[in-house]
Amino acid sequence: MTSYLSIEHVHKTFGEGPTASEVLRDVDLHVDRGEFISIIGHSGCGKSTVLNIVAGLLETSTGAVILDGKEVSKPGPDRSVVFQNHSLLPWLTVRDNVALAVDKTFKGTKSAAERREWVLQTLDMVGMSHALDKRPDEISGGMKQRVGIARALAMEPKVLLMDEPFGALDALTRAHLQDEVMRIQSELGNTVLMVTHDVDEAVLLSDRIVMMTNGPAATIGEILEIDLPKPRERLAMADNAEYNHYRAEVLRFLHERHKNPESEAA
Amino acid sequence: MMSAIIDRTMTFGAGRERPAVRETSTAPVARQTAPPARSGGVPADPGVWSRRLRNSATVVLPPVIVTAFFLLLWEMMASSQGAVLPAPSQVITDTWELIINPFYDYGGNDVGMAWQLLASLERVAYGYALAVVAGIGLGVLVGQSTWAMRGLDPLFQVLRTVPPLAWLPISLAAFQASNPSAIFVIFITAIWPIIINTSVGIRNISQDYVNVARVLRLNGLEYFTKIMLPAAAPYVFSGLRIGIGLAWLAIVAAEMLIGGVGIGFFIWDAWNASMLSDIVLALVYVGLVGFFLDRLVAIVGKWVTRGTQAG
């Protein structure tokens, strides 16, 4: 089977000898082009590790990640990352943060004027045109994350990787940005891999939800296909029986079959 | 290096919570709130000025009162029977010629206070500039390479405790001239805090920024200019600030020994001629110049690192 992105039997062990800890055991996942995949699980189950391996920020112990026919061995602009805490460079303005990524990615393929235009276009897409010359410390947390998303999208990645992108935001801002991400993804048709611990977020945004078992040696417990038509409307979904069924499925997985190890101990 | 990256990456998700900041800008209306329009033409109400005056008075008054108190105390003690040191009033009368005429030049060492200070500042400028270049360079090396740190750090830790003047004889022997020796003493005094702070700044670069650089595939030079220097700048500048203070401390002592024009030798010369008032005046100038040097580096640092402290 050849899929766009394949995570092939990935194992990951940190450390060596007696202190070694096995974080991932035989994680195997195949993603089609344009799919929106969420990875959900309790804290410490290694879901961020999976994302970092796909990003190339971590190496696999055994197994491999193959994207569009090529093996992933190091980070690169074809797999841009939206980090949980935005990770904007505080000494650069909003525009320059995105321009850094654009200039680096499209140095040989776009002219300086085209690159400048593209920066403005992506920032417009996330609704940040009004703050081009502001520094990150002058804008709110939600706005920073918008810029983080713009920076990642501006690189036109093959896969957009999001590591709990809305985790640090308040509920209202989070809902707002989720809607934006849904809209942008339906416009651009990106392939997205998102790590989250928010059940509603996973069901609302995803085509498939990958549910991870608890660590150590975590693996994929179950994959839930979300067969709801897109675009999805947050309010309509609240009363949608199917939606609530999916939601309950995920909750059952997380809280019955793979209880949080901490709550079990208590 | 690699293991350090993995260690830090392992803690992803944990301890990275940032305080949730409410977004205020999603509605375009929110950002169009103009500053409240002032009814034009009306002069600012007089209360503003009296309030400003009062505010500045609370800042200015305490140091003025305290200084005046100490001057008075000094005046009284130095005016008593058998006092050896001159009173402030005595200092001013004795040195009036020097104060009002800082730029005279009668040849040789007999030049005005401004020239003396400028000669010292010139030596400090050379020595400090060398220390900045070499110190940041070595700091980057030690901060980047664990091998270099293991090799160089013990050496640095020992050498930095050597008092500035202890370097003077050996540098006089090496350079065979007084001026380069003084500059070397400044250099070797100022360089340690710059090296140490720079390397700490580089070691403390947030893993987030390193990850951004890796995803963007920045090359060495791009990483150095776009990530490393700005991220380490606050640390570098605290090193620079300590460095300039130490350099100014060392120059006076060094100049006492090497002679020639310079505020240090001026003090020594005055002591040999028993002109205590000249020494007091020189001390005041040395203090003021040191204060301004420190402020200068602080201001430059604040300007350069604006924004970098943000999370």
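Please refer to the structure higher up on the page.
Not measured: the values here are computed from a predicted model. (Residues numbered from 1 in each chain as written. Chains lettered and ligands numbered in written order. Predicted model: local features only at pLDDT ≥ 70, side-chain atom pairs only at ≥ 80, totals over all residues. Heavy atoms only, no water.)

Asks: Tell me what's going on with the overall build of chain A, and back it up with residues and numbers.
Replies: Counting its secondary structure elements, chain A contains nine helices and ten strands. Against the globule reference of 18 Å for 266 residues, chain A gives a C-alpha radius of gyration of 19 Å, in line with a compact fold. Counting only C-alpha atoms, chain A reaches 55 × 50 × 40 Å along its principal axes. In chain A, of all internal contacts separated by at least 6 residues, the share reaching a separation of at least 24 is 69%. When the accessible surface of chain A is totalled, it reaches about 11100 Å², and 49% of it is carbon and sulfur. (Helix = DSSP H or I, 4+ residues; strand = E, 2+ residues; numbered from the N terminus. Rg over C-alpha atoms; globule rule 2.2 N^0.38 Å. Contact = heavy atoms within 4.5 Å. Areas by Shrake-Rupley, 256 points an atom, 1.4 Å probe, with all protein chains shown as cover.)

Asks: Kindly report on the side chain of Ser87 of chain A, identifying the contributing residues and their values.
Replies: Secondary-structure assignment places Ser87 of chain A in the loop between β6 (81-82) and α2 (94-105). Given a relative accessible area of 2%, Ser87 of chain A falls into the buried group. (Buried < 20%, exposed > 50% of the residue type's maximum accessible area, 1.4 Å probe, protein only.)

Asks: Pulling in residues and values, what's your account of the packing of aromatic side chains?
Replies: All names here are of chain B. With the rule as written, the count across this model stands at nine aromatic pairs over all chains. Ring plane angle 70 degrees and centroid distance 5.5 Å describe the contact between Phe69 and Phe70, whose orientation is recorded as edge-to-face. Centroid distance Trp167 to Phe184: 6.1 Å. Interplanar angle 75 degrees. Geometry classified as edge-to-face. Here Phe184 lies in helix α7 (residues 178-203) and Trp167 lies in helix α6 (residues 167-175), a separation of 17 residues in the sequence. (Phe/Tyr/Trp six-rings, centres within 6.5 Å; stacked < 30°, edge-to-face > 60°.)

Asks: Describe in detail the pairing of strand β1 (residues 5-14) of chain A, supporting the description with residues and values.
Replies: Residues and elements named next belong to chain A. Relative to strand β2 (residues 21-31), β1 runs antiparallel, the two sharing seven bridges. The residue of β2 that forms the bridge with Ser6 is His30. Strand direction decides the pairing type here: β1 and strand β4 (residues 62-67), joined by five bridges, are antiparallel. The residue of β4 that forms the bridge with Glu8 is Ala64. (Pairing = 2+ DSSP bridges.)

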